Amino acid sequence: MNNFTFCSPTEFVFGRDTEQQVGQLCLKHGASRVLIIYGGGSAVRSGLLDRVQQSLTEAGLPFDTLGGVKPNPEDDLVREGIACLVGQEGILILAVGGGSVIDTAKAIAAGALYDGDFWDFYAGKAKIERALPVGVVLTIPAAGSEGSGNSVITNTATGQKISLRSPEHLRPVFAIMNPELTYTLPPYQTASGICDMMVHIFERYFTNTPDTSITDHVAEGVLRSIIEQAPLVLQAPTDYGPRANIMWAGMLAHNGLCGTGHEEDWASHFMEHELSALYGVTHGAGLAVIFPAWLAVVSVRNPRKAIQLATNVFDVPTFGLRPEQIIAEGIHRLRAFWHSLGLPTTMHELGVTDPDIDALVNNLHVTKGEPIGSYVRLDRTLTREIYELAR
Ligand code: NZQ
Ligand code: ZN
């Protein structure tokens, strides 16, 4: 096991009606004014935004609102948010939504206290030294941004979708997690979120670091619970128990717990970010396409964790099977599981019928360098093989 620091400082407030506490939580975390960020309208239609505003009013907190964050959020709205804050003090940025809204809020929080353009952080030209506090009312368990120190923004001018990591500054100070807020999610978004959280665990699980039994078994336990609860959520979308389990799983998958002491990989995420940058696909659905292809290619070169995943998570029997048969059966069961949730596992099924593989490979290595990943180091020959296999 490698040396590590594990810090998950966010105050998670979980359960029914917890959004009513948002005003008090903003006060507790030092706000004297709030900028609410939200998405394309689901929080308005459900009445959540009204309830949040009422709680802020009851707490005596003035607020402004900025809506319209799109999935795969873009840089322009971040700049608009930063411009709203000029000359204001004591601001807390409150994200009411999912990963796209939270990541926009984080970008505004960092950009508001920086003299240059916020994109400098994403382009690697500047490091975040301070940021405004971000609070969250989560409406979709998926990206795990409520507990992560990351923010992913697309620059529409360059076409780059870049993940920025700055845990000291970007972890939310609080996150309200009411599973009932997720009842209105369409099945495709629910399923895509489930896939995303599973891949957040896989990115950490596939490691060459030795002696990681404790972290591996935590990861396997969370994965088994997701696999058990996911069909229940899709069968009964307004059943509190499965929604609650999936919501908490999404946080545990990405706050770092499932990767303590591991060298992590993240190649599948980098490859998917190019797919959503170029074709605007839903991130989790894109991962359902990329990850099985990644697994098939890397496990030929490094079979150890693929066998462990197949046996410990997908219950593939080992008796009488060769290692490559165990791996193939594991990949088959993973794909079948995602299909059963209504997810695509090829680009064709995703609606990308004529992918520009040259552009995907080039953009990937321009943004992320070469090689990428750590479980198996991937040069452009191997990333091309993975994209081709995912067609
Ligand atoms: O915009 P609205 O109208 O709110 O609709 C959203 C959006 O269309 C809808 N939705 C959310 N909650 C809902 C709801 N619809 C009905 N009822 C509700 N309760 O769902 C759609 C997707 O929302 P989005 O925020 O985009 O989803 P998600 O949480 O999956 O976030 C995806 C983004 O996060 C990034 C992804 O790359 C992508 O840009 N990621 C961020 C990470 C991080 N910051 O740590 C890590 C992840 O790996 C990921 O890369
Ligand atoms: Zn993800």
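Going by the structure above, here's the rest.
Residues numbered from 1 in each chain as written. Chains lettered and ligands numbered in written order. Predicted model: local features only at pLDDT ≥ 70, side-chain atom pairs only at ≥ 80, totals over all residues. Heavy atoms only, no water.

Undergrad: What is the right way to look at the site of ligand 1 in this model?
TA: As a matter of local geometry, ligand 1 sits amid 32 residues, with Gly40, Ser42, Gly99, Ser100 and His200 nearest to it. In the model, a nitrogen atom of ligand 1 is placed 2.8 Å from a nitrogen or oxygen of the Thr184 side chain. Taking 950 Å² as the accessible area of ligand 1 by itself, protein coverage stands at 89%. Every element with two or more residues in the shell around ligand 1 is listed here: α5 (99-111), β6 (150-155), α8 (187-205) and α11 (267-279). (Near = heavy atom within 4 Å. Polar contact = N/O pair within 3.5 Å; in protein donor to acceptor, adjacent residues only side chain to side chain. Areas by Shrake-Rupley, 256 points an atom, 1.4 Å probe, with all protein chains shown as cover. Helix = DSSP H or I, 4+ residues; strand = E, 2+ residues; numbered from the N terminus.)

Undergrad: Looking at this model, I keep getting lost on the pairing of strand β5 (residues 134-138). Mind explaining?
TA: Regular strands have side chains that alternate between both faces of the sheet. A large share of β5 lies buried, amounting to five of its five residues. Going residue by residue along β5, you find Val134, Val136 and Leu138 tucked away on one face and Gly135 and Val137 tucked away on the opposite face as well. When strand β4 (residues 91-97) meets β5, the two strands line up parallel, connected through five bridges. Bridge pairing in β5 places Ile93 opposite Val134. Relative to strand β8 (residues 174-177), β5 runs parallel, the two being bridged by four bridges. Within β8, the position partnered with Leu138 by the bridge is Met177. (Buried < 20%, exposed > 50% of the residue type's maximum accessible area, 1.4 Å probe, protein only. Pairing = 2+ DSSP bridges.)

Undergrad: Mind showing me how you'd approach the packing of aromatic side chains here?
TA: The description of an aromatic ring pair uses the distance of the two centres, along with the angle that the planes make with each other. Counted by the stated rule, this structure contains 16 aromatic pairs. Between Phe291 and Trp338, the aromatic rings sit 6.4 Å apart at their centres with planes inclined by 70°, giving edge-to-face as the arrangement. Here Trp338 lies in helix α14 (residues 323-340) and Phe291 lies in helix α12 (residues 283-301), a separation of 47 residues in the sequence. Here Phe291 matches Trp338 in class, with each residue buried. (Phe/Tyr/Trp six-rings, centres within 6.5 Å; stacked < 30°, edge-to-face > 60°.)

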